[in-house]
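If you want the building blocks of each chain, they are given just below.
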Amino acid sequence: MSIGRIIRHLLQHHWRRRRDFPPAVLARIEQAIKAGEATHSGQVRFVVEGALDGAPLFRNQPARERALDVFSHLRIWDTADNNGVLIYLLLADHDVEIVADRGINAKVGAEEWEKICRQIETDFRAGHFERGVISGVQAVSRELAAHFPKAGGGMNELPDTPVVL
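Report on the accompanying structure. (Residues numbered from 1 in each chain as written. Predicted model: local features only at pLDDT ≥ 70, side-chain atom pairs only at ≥ 80, totals over all residues. Heavy atoms only, no water.)

Concerning the overall build of the protein chain
Part 1 of the reasoning: The number of helices and strands found in the protein chain is eight helices and four strands.
Part 2 of the reasoning: In sequence order, the protein chain lays out its α and β elements as α-α-α-β-α-α-β-β-α-α-α-β.
Part 3 of the reasoning: Along the first, second and third principal axes, the C-alpha set of the protein chain runs to 50 × 30 × 25 Å.
Part 4 of the reasoning: Buried residues in the protein chain amount to 51% of all 165 residues.
Part 5 of the reasoning: The long-range fraction of contacts in the protein chain, counting pairs at least 24 apart against all pairs at least 6 apart in sequence, stands at 73%.
Part 6 of the reasoning: Accessible surface, the protein chain: about 8100 Å² in total, of which carbon and sulfur atoms supply 56%.
Part 7 of the reasoning: Of the charged side chains in the protein chain, 21 are positive and 22 negative; the average position of the first set lies 4 Å away from that of the second. (Helix = DSSP H or I, 4+ residues; strand = E, 2+ residues; numbered from the N terminus. Buried < 20%, exposed > 50% of the residue type's maximum accessible area, 1.4 Å probe, protein only. Contact = heavy atoms within 4.5 Å. Areas by Shrake-Rupley, 256 points an atom, 1.4 Å probe, with all protein chains shown as cover. Lys, Arg positive; Asp, Glu negative; His and termini not counted. Charge placed at Lys NZ, Arg CZ, Asp CG, Glu CD.)

Comments concerning the pattern of salt bridges
Part 1 of the reasoning: Within this structure, the stated rule accounts for 11 salt bridges.
Part 2 of the reasoning: One salt bridge in this structure joins Arg-19 and Asp-20, with 3.0 Å as the shortest N-O distance.
Part 3 of the reasoning: On the accessibility criterion, Asp-20 (9% relative accessible area) is buried.
Part 4 of the reasoning: Through salt bridges with shared partners, a single ionic network connects Glu-30, Lys-34 and Asp-160. (Salt bridge = Lys/Arg side-chain N within 4 Å of Asp/Glu carboxyl O.)

Structural notes on a nonpolar patch on the surface
Part 1 of the reasoning: Among the surface-exposed residues, Ile-3, Ile-7 and Leu-11 lie close enough to one another that they form a single nonpolar patch of about 310 Å² accessible area.
Part 2 of the reasoning: When its relative accessible area of 54% is taken as the criterion, Leu-11 is described as exposed. (Patch = residues over 30% accessible without salt bridge, like charges linked within 9 Å, V, L, I, M, F, W, Y side chains within 5 Å.)

Observations concerning helix H8 (residues 129-147)
Part 1 of the reasoning: With 19 residues, H8 ought to run about 27 Å at 1.5 Å a step, and its terminal C-alpha atoms sit 27 Å apart, in line with that.
Part 2 of the reasoning: Those residues of H8 that fall on the buried side of the exposure criterion are Phe-129, Gly-132, Val-133, Ile-134, Gly-136, Val-137, Ala-139, Val-140, Ser-141, Glu-143 and Leu-144. (Expected span 1.5 Å × (residues − 1).)

Some details on unusual backbone geometry
Part 1 of the reasoning: The phi dihedral of Asn-82 falls on the positive side, at around 55 degrees, and the residue is not glycine.
Part 2 of the reasoning: The residue Asn-82 is located in the loop between helix H5 (63-73) and strand S2 (84-90) in this model.
Part 3 of the reasoning: Located in the positive-phi region is His-94, a residue other than glycine, with phi close to 55 degrees.
Part 4 of the reasoning: With respect to the helices and strands, the residue His-94 is situated in the loop between S2 and strand S3 (95-100).
Part 5 of the reasoning: By relative accessible area, His-94 is classed as exposed at 53%.

Below, the structure is given as structure tokens:
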């Protein structure tokens, strides 16, 4: 366990999350998710977490493992076509993770998801949080549209609203 990581997470204040993702930015991210889902039958969720605390922090839980927990907790795996995708951001670690359900993951794979994560992180390093998330949502939606194009009305199985932890 890195003492630097613990300190970074303990000092990560909610103000940073609120500064980088104010309500207006979250609303535009939600609109990007809605626009993407108009082109495919998949389900996209975005979660931003400022920092870990309590047991996850002191167990030294990696961002990837935390993203898997969030994916499960939000029941993103529970879609009819197994094509739910989580874009998870852990601000304190400057880490973006994409977790995809087995239906879409079998068609896209880890390499492409990782490429999308790195592009989002590049935008974040430049201070472009909104642009990074929206471009990530658009990239995920392009993959979903290629493999699960919208056929008919379809049902929105999961909320489009970003989750702030």
